[in-house]
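So you can see what is in the structure, the chains are spelled out below.
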Amino acid sequence: MTMNNQELWNRCIEFHGHSCGGLAIGFRAALYAKSLLDLDFSDDEQTVCVAENDSCSVDAVQVVLGCSVGKGNLLFHMTGKQAFSFYNRVTGKSVRLITRLKPQGMTKEQSFAYYRETPDEQLFEIKETRIPMPEEARLFESYICESCGELTASNWIRIREGKKLCIDCYQSYDRFHV
Ligand SMILES: [Zn+2]
Ligand SMILES: [Zn+2]
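In this text the structure is predicted, and so the values were computed from the model without any measurement.

Focus on the nonpolar core
Counting 33 residues, the largest nonpolar core has Phe27, Ala29, Ala30, Cys49 and Val61 as its most contacted members. Of all the elements in the fold, those that place two or more residues in this core are α1 (6–16), α2 (21–37), β1 (47–51), α3 (57–65) and β3 (83–88). Tallying contributions element by element places α2 first for this core, with nine residues. Leave out the neighbours within four places in its chain, and Ala30 touches Ala60, Val61, Val64 and Leu65. Within the second largest apolar cluster, five residues are counted, among which are Cys145, Ile157, Cys166 and Cys169.

Right, here's the structure in full:
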């Protein structure tokens, strides 16, 4: 079995809630990227993943590589493809992995076995990343929205007639004042 880390796989299932083919894709992609780019579990932002889907597979990437939305090292560039770009901030190396077309007419069970057992290079195509390495997460100062009074990070503040407004107030202003 190419999925040599049963314990890690079990943790993916625990995190995701069930075992499925999608989770297996993400698990394999994360492990493959780990070996290609010398990645470790990312306790900060050393490892970055840009996922091109928000399906089951992404959950395994979070568990295996420590990429998460909260840390700012899991980003989405939605194309609806089972493709992931991985970046190693320390070495500057990156890789984009996309699943190759799988043989047609597989049952759910066969397809799950396919995702578990097919060797890395047959399962994924290795491509160059198209997106430059995302910048590190920034801390933004915050302002109080002058309409609702709620504290809002500055990158989400919009200015309307000299007033600092949060996105929601800015948009409802648009709706009601045109
Ligand atoms: Zn799933
Ligand atoms: Zn507001």
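Having seen it, we continue.
Points about the sheet that holds strand β5 (residues 124–127)
Taken in spatial order, the five strands make up an open sheet running β2-β1-β3-β4-β5, and their pairing is mixed. Edge positions in the sheet fall to β2 (74–76) and β5, since each has one partner strand and no second. With strand direction ignored, the average angle separating the axes of adjacent strands in the sheet is 25°. Against the sheet, α2 contacts β3, β4 (94–99) and β5, and its axis sits at roughly 150° relative to β4. Relative to β1, α3 is tilted by about 180°, and along the sheet it contacts β1, β2 and β3.

Overview of the packing of α2 against helix α4 (residues 108–117)
Contact geometry for α2 and α4: axes closest at 9 Å, N-to-C directions at 10°. For the element pair α2 / α4, the angle class is roughly parallel. Taking contact as the criterion, the partners of Gly21, Ala24, Ile25 and Arg28 in α2 are, on α4, Ser111, Phe112, Tyr115 and Arg116. Among the residues forming the contact of α2 with α4, the class breakdown is four nonpolar, two polar and two charged.

Describing the pairing of β3
Each regular strand shows side chains that alternate between the opposite faces of the sheet. Of all the six residues making up β3, six are buried; the element is thus mostly covered by neighbouring parts of the structure. Residue alternation in β3 divides its side chains into two sets, Ala83, Ser85 and Tyr87 and Phe84, Phe86 and Asn88, and both sets are buried. Where β1 meets β3, five bridges bridge the pair, whose relative direction is antiparallel. Its bridge partner lying in β3, Val50 is registered against Ser85. In this sheet, β4 lies alongside β3 in antiparallel orientation, the contact comprising five bridges. Residue pairing in the sheet places Phe84 in a bridge with Leu97 of β4. With antiparallel pairing between neighbouring strands as the criterion, β3 and β4 make up a hairpin whose turn holds five residues, including Gly92 at a positive phi of roughly 80°.

Description of the packing of α2 against α3
Their axes nearest at 6 Å, the elements α2 and α3 cross at an angle of 40°. When the axis of α2 is compared with that of α3, the two are oblique. Classified by chirality, the crossing of α3 by α2 is right-handed. On α3, the residues touching Gly22, Leu23, Ile25, Gly26, Phe27, Ala29, Ala30, Leu31 and Lys34 of α2 are Ser57, Val58, Asp59, Ala60, Val61, Val64 and Leu65. Looking at the contact of α2 with α3, its residues break down into 11 nonpolar, three polar and two charged.

Observations concerning the environment of Leu37
Note that Leu37 resides in helix α2. Sequence separation between Leu37 and Thr91 is 54 residues; the distance between their C-alpha atoms is 8.4 Å. Excluding residues that lie within four positions of it along the chain, Leu37 makes contacts with Phe86, Asn88, Lys93 and Val95.

Here is what the cut-offs are and how they apply
- Residues numbered from 1 in each chain as written.
- Chains lettered and ligands numbered in written order.
- Predicted model: local features only at pLDDT ≥ 70, side-chain atom pairs only at ≥ 80, totals over all residues.
- Core = buried A, V, L, I, M, F, W, Y, C linked by C-beta atoms within 7 Å.
- Buried ≥ 20, exposed ≤ 12 C-beta atoms within 10 Å, placed from the backbone.
- Helix = DSSP H or I, 4+ residues; strand = E, 2+ residues; numbered from the N terminus.
- Contact = placed C-beta atoms within 7 Å.
- Pairing = 2+ DSSP bridges.
- Axes fitted to C-alpha atoms, helices over the stretch in contact; angles between N-to-C directions.
- Parallel < 35°, antiparallel > 145°, perpendicular 65-115°, else oblique.
- Nonpolar A, V, L, I, M, F, W, Y, C, P; charged D, E, K, R; others polar.
- Left-handed = near helix turned anticlockwise from the far one by under 90°.

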